[in-house]
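Residue-level structure breakdown
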Amino acid sequence: MKILKIRFENIHSLKGEHEINFGEGILADAGLFAITGPTGSGKSTLLDVITLALYNRIARVDKNVSNSILEDDGGIMTRNMKSCYAEVEYRVNGKEYRSHWSIERNRNNNLNARKQELVEVATGHILESGTKTPEKNNIIIGLSYEQFVKAMVLSQGEFSKLLQAPRNERNKLLEDITGAKSYREIGKAVYFRYKSVEKKIELKKAGLEGIELLSPEVIAEKKNELKSLIKTKPEIEKAYQVAAEKIKTRQELQNKQKEQKQLEVDKSELKKDVEIFKPFKVELENHEKLSKYAINLREFDLIVKEENQLKEYIERLQKSKEEAESLQKTYLHKVSELIFEAVDVENANSKLEAFRGKIAALQNEEEKKNGEANLYKSQLNNYVRNIKQLGFSLSNADNPEQFKPQFIAFEKSINESIDNSGVGSIEELNNTLETARHNHEKAGEFLTKKEQLLKVQTNIKGQNDKLKSIKEKLEHDSNAITSQEKDVIDLKKDVEILEKKLEQQRKHQNLEEYRQQLNPEEPCPLCGSIHHPYASEEPYFDAKEELLKQKKDSLKTKSDLLIALNEKNKYHLKEITNVTNDIEVLKKEEATNLKVLSNLAEDLDWSYKDNLEILQSKRMALAKTIKQMEASKNAFQAAEVLKDIGTIFNQWETALKQYLNLNKERSSLYKGQDINKESNTLSTQLTQAVSNISAIAKQLQENNDKIKNTTSEKSKREADLKQILVKEDLENLEVMRKSIIQEDRANKIRKRENELKERHTSISVKESELVKRIKELTDKDDTKLSFEALNSLFEESKNHWDTLSVSIGKLTQSLEDDENNKKRQQKVIDELNLLKKDLALWKSMNDLIGDATGNKFSNFVQDLTLEQLIGFANKRLSDFSDRYLLDIPTPEEAEKSDTLKVFDKYMGNARRSVRTLSGGETFLVSLAMAFALSDIAARNVKIESLFIDEGFGTLDPETLDQAITILEKMQNEGDKSVGVISHVSALKERITTQIKLEKGSLGYSILEVVQ
């Protein structure tokens, strides 16, 4: 997979649109290039553009980029911008693809949803769009986001820590680098699953102990007792039923007797209600007799209503006609006022139209002249804008009276400026200005070189001071070495003497057993003497063991100090050589700068010995002269524009006067704005008024005819009603109206009549049934016993029955509970057996990989990963250097120090800790491990683009040179594109092809590809 091109706009500090082509041009030709710039200039932004366009992810945010992240964190989009995008073109298996990501703000300053799409470059076919684009890139590239970052973006810093860390810390670092945190979670999950099953077993056991079962003896006893109770059940149940039946009969008889008394009350109330209803019944009878005439009354009332409505309508029409005639007079008066001439209905419209045509012609001519004046005014102000662009102040033209005096004054000042320039033409001025600008540019170069010279001279002084200080330290340490060497020799002698004394004492102590065997007057088996002075008392030896320990400690301290001083002196000597070389380089640079300054001073007729302030003031004077000349140049250009302004001004003034004359003539006849609208409105209103008057007159005639017919019909209906009054013997129409009630009221009266009839029927039926039932209950009732005696008999038999039922229920429930407990106990035992099998499995798993922290399984997996990583790293390391091979510490070595080891082939395959490697050697080994992780992450994908992020700052010049040589070799052999992100000066000098980023004054950065 190879990155061919990136395009982006407004990402982080890189404002505006940018494009970097890795597949063609100088970056493709170089293969190895540097991405340089100060901290915060946007070097890592280029990597963010790639991952954003491909995966919607960036390294500094540990999740997919969303609108909330953009709003809350304020990252990615350059501040104060409305939109941004990132786009990358890449090649996989010979095919080229373009992945695009963008987002923008809407008019409410809220972020719209991001846009993403993946396009096949050759065909332009869109393979995917929307939020699924990162997944499609993953499939095509063959790398997830995490794998892509590990395979293509290498950071030595993580591996430098990894090399020297102890095992647990090393495995945690390796876990973070590889992203293999799931194994730790698996180890923890196994441990907690094992503990969970263990806890479940404890709970099951506790539950099993809480299940109590009946003994066989108790079960047999309960069954016998239950059998005995069941035998007595029929007799007690029968006595209970007989007593219940007797009390039930007595209670029902009493209730029916109460119902009989209540029925007498209901009969009395019904009689009262029938008396109250009698007047309503008469009202209903009258209604049913006369209701057949209701239609006659309704028809008569409708005729009367229609007559009244027609009278009211005729009155309204008469009023409307008067209003329309008044409005017509008003419109005729308005027309007369508008055209300054008397009019009537016949000639009003024709005279109005003639006036409208005259005014419209004047208005058209007026607008035409006004348009011409505005056009000239607009052209004039365009020339004024040209004057302003040249740096002069001239107000826009509003009216000729205001503009003419300031134009004359401005023209005068321009002519004076041209006269003061001292040149006769703009060509002569341009030649003089070009010479001045050239000198100003040289002056800038002169000042830069002067500043560099002063800086170099300051550095020379600083290096000389440093050299003097190092030499003083060297002399001081050399004296200290001489003193320490003498002390070490003396201490070695003292230690030898004390060790001999201690050895002699130990020999005497070893002969203690033999001294005890010596007898007085018997010869010693060793020396033959019969005198044994130390047989009874031990010899005294003052070996001073504590003093010996102190002397040894002091000897070790001074020896270590002597070694350190010797190493320090070697470092000082090397430092003296380096500083001396630096001074020589600086002196050469000083001579070069002096030569350049001398040449520039000769060109400018300046002295390079002048101080910086004097030189800066001279350059400022040059700049002032250039500014004055540029002002004169603008005056020449302004003079040409003023000629055009004079011509246009005269045309504007003439057109404006013509417009004002036409406006005055038209205003004397008509002061309104729209004669067409006003005349059309009056004509329409007048026509409508005439039409309304005619229409109203016609309606009046029609309605007068209708009211005559209606009055005739009313008389006929009234005669019919009078005949009905005579026939039914009624006094007048009001009596008839009152007798014919509303049908709703008639229905309510009928409903009440039916209710009374139903109540009478219901009471009769209920009375008959009660008499019959009371006789039946009286015959059945046991009259020998009182109600209290019956109740007492019932309660006694009920208590016997309840007691028996409860006893049988308790015994039955107890036996059922015991059976259920047996089943529950067996179920718990079965579950417990299953849990024990499960526990055995999880115990084995826990013994192998489980613990509360997850370290056990994680360490096992990361040890395997480390072995694989070291294998790939050694393969890479062999390309860098044939001296070292990495290895994992053995169990014996791990007890003392479990950091990684190296075989040093130059020292007879000596095995030592990676901590003993120098800074440069550590860098090479960590670089090899970074490449190894890239090989592992992309073992199935061919990686043709790599970015190495920092790590060069700790290298000395020799090692830095070696590292760059390695990168060049790897780039040439593998045809890879390798980008190195760094701010190390020496690296910038060695890798000349660079993507250079510089910070601007407003916080934005400038990007440039240089070679």
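Reading the values: rules and limits
All chains use their own residue numbering, which begins from 1 and follows the written sequence. Residue-level local features of this predicted model are given only where pLDDT is at least 70; pairs of side-chain atoms are given and counted only at 80 or more, and the full residue set underlies all totals for whole chains, interfaces and linings. In computing side-chain values, all of the structure's heavy atoms are included and hydrogens and water are not. Secondary structure is summarised from DSSP: a helix means a run of H or I of at least four residues, a strand means a run of E of at least two, and numbering begins at the N terminus for each. When we talk radius of gyration, it's over C-alpha atoms, and the globule rule is simply 2.2 Å times the number of residues to the 0.38. Only protein chains enter the area calculation, which uses a 1.4 Å probe; residues under 20% of their type maximum are buried, those over 50% are exposed, and those in between are partly exposed. Whether two residues are in contact is decided by their heavy atoms: any pair within 4.5 Å suffices. Criterion used throughout: strands pair if DSSP finds at least two bridges between them. Whether two aromatic rings pair depends on their centres lying within 6.5 Å, for rings of Phe, Tyr and Trp, where Trp uses its six-membered ring; planes under 30 degrees apart make the pair stacked, over 60 edge-to-face, and the rest tilted. In what follows, salt bridge is the name for a side-chain nitrogen of Lys or Arg lying within 4 Å of a carboxyl oxygen of Asp or Glu. To get an axis, fit a line to the C-alpha atoms, keeping to the stretch in contact for a helix; angles then go from 0 to 180 degrees between the N-to-C directions. Any helix carries an expected span of 1.5 Å times its number of residues minus one.

With that out of the way, let us pick up the overall build of the protein chain. Helix and strand content of the protein chain: 25 helices and 15 strands. Computed over C-alpha atoms, the radius of gyration of the protein chain comes to 61 Å, more than 25% over the 30 Å expected from 2.2 N^0.38 for 1011 residues, which places it beyond the range of a compact globule. Across its three principal axes, the protein chain shows a C-alpha extent of roughly 180 × 140 × 55 Å. Every one of the 1011 residues in the protein chain was classed for burial, and the buried ones make up 35%. Long-range pairs, those at least 24 residues apart, make up 73% of the contacts in the protein chain with a sequence separation of at least 6.

This next bit is on the pairing of strand β9 (residues 884–887). Going residue by residue along β9, you find Tyr884 and Leu886 tucked away on one face and Leu885 and Asp887 left uncovered on the opposite face. Taken together, the 4 bridges between β9 and strand β10 (residues 901–904) define a ladder with antiparallel strand orientation. Among the inter-strand pairings, Asp887 is bridged to a residue of β10, identified as Lys901.

So, on to the packing of aromatic side chains. Evaluated as defined, the whole model comprises 10 aromatic pairs. Between Tyr55 and Phe148 the ring centres are 5.5 Å apart and the planes differ by 55°, which places this aromatic pair in the tilted class. Here the residue Tyr55 occupies a position in helix α2 (residues 45–55), and Phe148 occupies one in helix α5 (residues 145–152), the gap between them amounting to 93 residues. Phe148 carries the same exposure label as Tyr55, and that label is buried. When the centroid spacing of 6.5 Å and the interplanar angle of 15° are considered together, the rings of Phe857 and Phe860 count as stacked. Of this pair, Phe857 and Phe860 both sit in helix α21 (residues 855–880), 3 residues apart, which is roughly one turn of that helix. Through a chain of ring-to-ring contacts, three or more aromatic side chains come together here, namely Phe22, Phe33 and Phe947.

What follows concerns the pairing of strand β7 (residues 125–129). Walk down a regular strand and you will see the side chains alternate between the two sheet faces. Pairing analysis gives 4 bridges linking strand β6 (residues 115–120) to β7, with the strands arranged antiparallel. Opposite Glu120, over in β7, you have His125 as the bridge partner. Between the antiparallel neighbours β6 and β7 lie 4 residues, among them Gly124 with a positive phi of about 75°.

Moving on to the pattern of salt bridges. This structure, assessed with the given rule, holds 32 salt bridges. We note a salt bridge from Lys278 to Glu275, for which the minimum N-O separation is 3.1 Å. Here Lys278 and its partner Glu275 are both found in helix α9 (residues 216–290), 3 residues apart, which amounts to about one turn of the helix. Exposure remark for Lys278: the relative accessible area of 45% places this residue in the partly exposed category. The residue Lys486 makes a salt bridge to Asp490 at a minimum N-O spacing of 3.5 Å. Of this pair, Lys486 and Asp490 are both found in helix α13 (residues 426–510), 4 residues apart, which corresponds to roughly one turn of the helix. Taking relative accessible area as the criterion, Lys486 reaches 54% and is therefore assigned exposed. Note on Asp490: relative accessible area 33%, which makes it partly exposed. Each of the salt bridges in this network shares a partner with another, and the network as a whole consists of Lys5, Arg7, Glu19, Glu87, Glu89 and Arg98.

Read from one edge of the open sheet, 3 strands run β9-β10-β11, paired in antiparallel fashion. Edge positions in the sheet fall to β9 and β11 (910–913), since each has one partner strand and no second. The sheet shows a mean angle of 30° between the axes of neighbouring strands, taken without regard to direction.

Here we come to helix α11 (residues 348–389). End to end, α11 covers 61 Å across 42 residues, agreeing with the expected 62 Å (1.5 Å per residue, within 8%). Just downstream of α11 lies Gly391, where phi reads positive at about 100°.

With 53 residues, helix α17 (residues 675–727) extends 77 Å between its outermost C-alpha atoms, agreeing within 8% with the 78 Å of an ideal straight helix rising 1.5 Å per residue. Just downstream of α17, Asp729 is the residue with a positive phi angle, here 60°.

What follows covers the side chain of Gln484. Mapping Gln484 onto the fold places it in helix α13. On the basis of relative accessible area, Gln484 is assigned to the buried category, the value being 12%. If we ignore the near neighbours within four places in the chain, the residues touching Gln484 are Lys558, Leu561, Leu562 and Leu565.

The strand order across the open sheet built from 6 strands is β2-β1-β4-β5-β6-β7, with neighbouring strands paired in antiparallel fashion. Strands with a single pairing partner mark the edges of an open sheet, and in this sheet they are β2 (14–21) and β7. Each strand axis lies, on average, 15° off the axis of its neighbour in the sheet, ignoring direction. Both strand β1 (residues 2–11) and β2 contribute to a ladder of 6 bridges, which runs antiparallel. The residue bridging Phe8 from the neighbouring strand is His18, located in β2. Relative to the sheet, α2 contacts β1, β2, β4 (83–92), β5 (95–104) and β6, its axis offset from that of β1 by approximately 100°. Helix α4 (residues 133–141) contacts β4, β5, β6 and β7 of the sheet and is inclined by roughly 30° relative to β6.

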